[in-house]
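One letter stands for each residue in the lines below.
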Amino acid sequence: MAQRHVVLPLAELPAGESRIVTVRGREIALFNLAGEVFALINRCPHEGAPLGLGLRVGLSESEKPGCYTHSRPGELVRCPWHGWEFDIRTGQSWCEPAKLKAKSFTASIEPGATVVKGPYVAESLPVSIEAHYVVVEL
Ligand code: FES
């Protein structure tokens, strides 16, 4: 059964940034998309590069040569080794969406007052009721 892990004060994951944490022995890449948090396994499904170190990019699409649209700024992560791109919201690959996906985990932002009541796992993280925290289910 998945446990809810308090992994990081939200103040350490500002909007537009990424962090890598270890939960139950697994490296997890955390992303803050304009105030929403998402968690992917920190291992690219191609050859294992750390996705949490990848460049954040937007979606570029083209219906015909010379015409491009750009959307969803910062919502994809580009693998630092070979450049494959993954949707941070779902882990879905954009080069092989039917077959490739980076494993994703449920992540949320919880107020400290909720976190201190539990049930959560906050191994070595001191918790303050005034702060907000990133929680990952794993
Ligand atoms: S290891 Fe990620 S694209 Fe190759």
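As a reminder, the structure under discussion sits directly above these lines.
Basis of the calculations
- Residues numbered from 1 in each chain as written.
- Predicted model: local features only at pLDDT ≥ 70, side-chain atom pairs only at ≥ 80, totals over all residues.
- Helix = DSSP H or I, 4+ residues; strand = E, 2+ residues; numbered from the N terminus.
- Buried ≥ 20, exposed ≤ 12 C-beta atoms within 10 Å, placed from the backbone.
- Contact = placed C-beta atoms within 7 Å.
- Pairing = 2+ DSSP bridges.
- Axes fitted to C-alpha atoms, helices over the stretch in contact; angles between N-to-C directions.
- Core = buried A, V, L, I, M, F, W, Y, C linked by C-beta atoms within 7 Å.

## Digging into the overall build of the protein
Piece 1. In terms of helices and strands, the protein carries 1 helix and 10 strands.
Piece 2. Along the protein, from the amino end to the carboxyl end, the secondary structure elements read β-β-β-β-β-β-β-β-β-α-β.
Piece 3. Evaluated residue by residue, the protein yields a buried proportion of 27% over its 138 residues.
Piece 4. Partitioning the intrachain contacts of the protein with sequence separation of at least 6 by distance along the chain shows that 48% fall at a separation of at least 24.

## Re the sheet that holds strand 7 (residues 85-87)
Piece 1. Taken in spatial order, the 3 strands make up an open sheet running 5-6-7, and their pairing is antiparallel. Taken across any chain shown, the strands that pair with only one partner, and hence form the sheet edges, are strand 5 (55-64) and strand 7. Within the sheet, the average angular offset between the axes of one strand and its neighbour, ignoring direction, is 55°.
Piece 2. With 7 bridges joining them, strand 5 and strand 6 (residues 67-78) adopt antiparallel strand pairing.

## Quick word on the sheet that holds strand 3 (residues 26-33)
Where strands meet in a sheet, backbone hydrogen bonds hold them as pairs that are either parallel or antiparallel.
Piece 1. An order of 2-3-4-8 is seen for the 4 strands of this open sheet, with the pairing classed as antiparallel. Strands at the two margins of the open sheet, each flanked by one partner only, are strand 2 (18-23) and strand 8 (104-105).
Piece 2. Relative to strand 4 (residues 36-41), strand 3 is paired through 6 bridges, and the arrangement is antiparallel. Residue pairing across strands places Leu 33 opposite Glu 36, the latter belonging to strand 4.

## Digging into the nonpolar core
Piece 1. Among the nonpolar cores identified, the biggest contains 28 residues, and Leu 30, Leu 40, Leu 51, Ala 107 and Val 134 are the most heavily contacted of them.
Piece 2. Breaking this core down by element, the ones donating at least two residues are strand 1 (4-9), strand 3, strand 4, strand 6 and strand 10 (132-137).
Piece 3. Of the residues forming this core, the biggest block, 5 residues, is contributed by strand 4.
Piece 4. Apart from residues no more than four positions distant in its own chain, Val 134 is found in contact with Val 7, Leu 8, Leu 10, Leu 13, Leu 30, Val 37, Ala 107 and Ile 109.

## Observations concerning unusual backbone geometry
Piece 1. Within the chain, Ala 34 stands out as a residue other than glycine whose phi angle is a positive 50°.
Piece 2. Ala 34 gets classed as exposed once you count the C-beta atoms within 10 Å, which come to 9.
Piece 3. One non-glycine residue, Arg 72, lies in positive phi territory at about 50°.
Piece 4. Mapped onto the secondary structure, Arg 72 falls in strand 6.
Piece 5. When the 15 C-beta atoms within 10 Å are taken as the criterion, Arg 72 is described as partly exposed.

## Digging into the environment of Leu 8
Piece 1. With respect to the helices, strands and loops of the structure, Leu 8 is situated in strand 1.
Piece 2. A count of 18 C-beta atoms within 10 Å places Leu 8 in the partly exposed class.
Piece 3. Other than its neighbours up to four places away in sequence, Leu 8 contacts Leu 13, Arg 19, Val 21, Leu 30, Tyr 133 and Val 134.

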